[in-house]
Amino acid sequence: MTPATRRAVAEAAGAEVLRVGTLSGGCIGEVWRAELADGRRVVVKVAGPDGTLDIEGYMLRYLAETEAVPVPHVFNASANLLIMEYVESGDRLDESAQRHAADLLAALHGISAPAFGHERDTLIGPLPQPNEWTDSWLAFFRDRRLLYMGRLARDAGMLPGGTFARLEAFCDRLDAHLEEPARPALIHGDMWGGNVLARGGRIAAFVDPAIYHADPEIELAFSTLFGTFGEPFFRRYGEHRPLRPGFFEARRDIYNLYPLLVHTRLFGGHYAAQVDGILRRFT
């Protein structure tokens, strides 16, 4: 950590930096854990000249203001520097933690908006998420999620042209597979296990959000893609917000096209094959 960054951390947090250590998970820039003179520990993210850490800080603060889910406190958020609370965690997502996560996410999904999207564009990982307000969820999901991310992946050479053509054909008949939800719901947006911090059978914090207002089923689908949550979560979530029939049989895979397209754009390989497999199933 450079002397300039140490000074910025000390000024934002109100205490001198004593020790630093590296942390994993920096897909946008370097990530540090800093121990302060007053005993606190903070996470410090540092990005390059084209950094977008201010957007991550905005999303964390937006979630904090809802008071629905725990997130780290943000001390400073600029394009190149994000300083936030270090949250003690490291426990597995056991049955108790999954039930607590269900309570929290059901409350978050109860926060609505006049339309689908968000008041500003956000990010998912390092990639842009366009969020122009849209009255129709199907139009939003088609144009600003599937086709948008599909084009990014195709143009980067990660998604074959034939698969993108199959995606376009699927999107032309999206209303044959999905229907409009009752209302928009605020979602975290990036619900894989690395973004869910647990301690003592409780959720300590959600991190690295990708927020917007959506059909909440897209959040639930994402939580199954990499095995974040299982039966204890869904049983408890259903007590708050019962799932309509057909989610696990069909809509889960359709909604997971979006995170799979994100991973295709970032990593290519078998993620593109998974996208193609789902599209072949439904076209």
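Further up the page is the structure itself.
Note that the structure is a prediction, hence the values are computed from the model and not measured.

Student: What is the right way to look at the sheet that holds strand β5 (residues 81-85) in this model?
Tutor: Each strand in a sheet pairs with its neighbour through backbone hydrogen bonds, running either in the same direction (parallel) or in the opposite one (antiparallel). Pairing is antiparallel across the open sheet formed by five strands, whose spatial order is β1-β2-β3-β5-β4. This sheet does not close on itself; its edge strands, each paired only once, are β1 (17-22) and β4 (74-77). Taking the axes of each pair of neighbouring strands and ignoring which way they run, one obtains an average angle of 20° across the sheet. The pairing of β1 with strand β2 (residues 30-36) spans five bridges and is classified as antiparallel. Its bridge partner lying in β2, Val20 is registered against Ala34.

Student: Would you explain the layout of surface pockets in this entry?
Tutor: Rolled over the atoms, a probe as big as a water molecule pinpoints where empty space is left. By volume, the second largest pocket amounts to about 280 Å³. Taken together, 14 residues line the second largest pocket, and the ones lying closest to its centre are Asp215, Pro216, Arg241, Pro242 and Arg244.

Student: Would you mind going over helix α4 (residues 137-155) with me for this structure?
Tutor: Side chains that are three or four residues apart share a direction in an α-helix, a result of its 3.6 residues per turn. Under the 1.5 Å per step criterion, the end-to-end length of α4 is 25 Å for 19 residues, consistent within 8% with the ideal 27 Å. At Leu147, α4 shows its largest bend, some 30°. Residues of α4 that are buried: Trp137, Leu138, Ala139, Phe140, Phe141, Arg144, Arg145, Leu146, Leu147, Met149, Gly150 and Ala153. Two or three places before Leu138, at the opening of α4, Ser136 has a side-chain oxygen 3.3 Å from that residue's backbone nitrogen.

Student: So what exactly am I meant to see when it comes to empty space enclosed by the protein here?
Tutor: Overall, the coordinates contain one cavity of 30 Å³ or more when judged by the stated rule. Taken together, Ile124, Ile187, Gly189, Tyr212, Ile218, Glu219, Phe222, Tyr258 and Pro259 make up the lining of the largest cavity. Only α6 (217-225) and α9 (257-267) provide two or more residues apiece to the lining of the largest cavity. With three residues, the top contributor of residues to the lining of the largest cavity is α6. Taken together, the residues that form the lining of the largest cavity break down as seven nonpolar, one polar and one charged.

Student: Explain unusual backbone geometry to me, please; I cannot follow it from the model alone.
Tutor: Trans peptide bonds make up the majority, and among non-glycine residues the majority have a negative phi. The phi dihedral of Glu67 is positive, around 60°, even though this residue is not glycine. Note that Glu67 resides in the loop between α2 (53-66) and β4. Judged by its relative accessible area of 73%, Glu67 falls in the exposed class. In the Ramachandran plot, Asp208 falls in the positive-phi region, its phi being about 45° despite a non-glycine side chain. Checked against the element boundaries, Asp208 lands in the loop between β10 (202-206) and β11 (212-214). Overall, Asp208 belongs to the partly exposed group, its relative accessible area being 24%.

Student: What should I look at first to understand the packing of aromatic side chains in this one?
Tutor: By convention here, two paired aromatic rings are described through the distance between centres and the angle between planes. For the structure shown, the criterion picks out 15 aromatic pairs. Summarising the aromatic geometry, the rings of Phe170 and Phe282 are spaced 6.4 Å apart at their centres and angled 55° between planes, so their arrangement reads as tilted. One end of the pair, Phe170, is in helix α5 (residues 161-172); the other, Phe282, is in helix α10 (residues 270-282), and 112 residues separate them in sequence. On the accessibility criterion, Phe170 (1% relative accessible area) is buried.

Student: Looking at this model, I keep getting lost on the pattern of salt bridges. Mind explaining?
Tutor: When their charged atoms lie close together, side chains carrying opposite charge are able to pair. With the rule as written, the count across this model stands at 19 salt bridges. Residue Arg40 pairs with Asp38 through a salt bridge whose shortest N-O separation is 2.8 Å. By relative accessible area, Arg40 is classed as partly exposed at 30%. Notably, a salt bridge pairs Asp103 with Arg236, separated by 2.9 Å at the nearest N-O pair. On the criterion of sequence distance, the pair formed by Asp103 in helix α3 (residues 95-109) and Arg236 in helix α7 (residues 231-240) is long-range, its members being 133 residues apart. Among the ionic contacts, a cluster of salt bridges with common partners joins Glu95, Arg99, Glu231 and Arg235.

Student: Before we go on, may I ask you to explain the environment of Leu23 in this structure?
Tutor: Structurally, the position occupied by Leu23 is in the loop between β1 and β2. The class for Leu23 is partly exposed, based on a relative accessible area of 30%.

Student: Hey, could you run me through the packing of α9 against α10 in this one?
Tutor: If you want to describe how two helices pack, look at the angle between their axes and the distance between the axes. The geometry of α9 relative to α10 is characterised by a closest axis approach of 8 Å and an angle of 150° between their N-to-C directions. Relative to α10, the element α9 lies roughly antiparallel. Classified by chirality, the crossing of α10 by α9 is left-handed. For the pair α9 and α10, the contacting residues are Leu257, Leu260, Leu261, His263, Thr264 and Phe267 in the first and Tyr271, Ala272, Gln274, Val275, Ile278 and Leu279 in the second.

Criteria and thresholds
- The residue count restarts for each chain, going from 1 along the sequence in the order it is written.
- Since the coordinates come from a predicted model, pLDDT governs what is reported: local features require at least 70, and pairs of side-chain atoms require 80 or more to be given and counted, while whole-chain, interface and lining totals use all residues.
- For the side-chain quantities, the full set of heavy atoms in the structure was used; hydrogens and water were omitted.
- Following DSSP output, two strands are said to pair if at least two bridges run between them.
- Strands here mean DSSP runs of E at least two residues long; helices mean DSSP runs of H or I at least four residues long; both are numbered from the N terminus.
- Axis definition: a line fit to C-alpha positions, over the contact stretch in the case of helices; interaxial angles, taken between N-to-C directions, run 0 to 180 degrees.
- The definitions used throughout rest on a 1 Å grid laid over the protein atoms alone, on which a cavity is an enclosed set of points accommodating a 1.4 Å probe that cannot get out and a pocket is an open set flanked by protein within 12 Å on both sides along at least five of seven lines; lining residues are those having an atom within 4 Å of a point.
- Grid points are joined across faces, edges and corners, and a volume is the space filled by probe spheres set on the points.
- Multiplying one less than the number of residues by 1.5 Å gives the expected span of a helix.
- Note on bend: the value at a residue is the angle between axes fitted to the seven residues ending there and to the seven starting there.
- Only protein chains enter the calculation, and the probe is 1.4 Å; a residue is then buried if its accessible area is under 20% of its type maximum, exposed if over 50%, and partly exposed in between.
- Counted as a polar contact is a pair of N or O atoms within 3.5 Å, where, for protein atoms, one must be capable of donating a hydrogen and the other of accepting one, and residues adjacent in sequence contribute only when both atoms are in side chains.
- Nonpolar residues are Ala, Val, Leu, Ile, Met, Phe, Trp, Tyr, Cys and Pro. Charged residues are Asp, Glu, Lys and Arg, and all others, Gly as well, are polar.
- We call Phe, Tyr and Trp rings a pair once their centres come within 6.5 Å, taking the six-membered ring for Trp, and we label the pair stacked below 30 degrees between planes, edge-to-face above 60, and tilted otherwise.
- Salt bridges, as used here, are contacts in which a Lys or Arg side-chain nitrogen is within 4 Å of a carboxyl oxygen on Asp or Glu.
- Angles are sorted into four bins: roughly parallel if under 35 degrees, roughly antiparallel if over 145, roughly perpendicular if 65 to 115, and oblique for all others.
- Rotating anticlockwise by less than a right angle from the far helix to the near helix defines a left-handed crossing, while the corresponding clockwise rotation defines a right-handed one.
- The criterion used for residue contact is that any of the two residues' heavy atoms lie within 4.5 Å.

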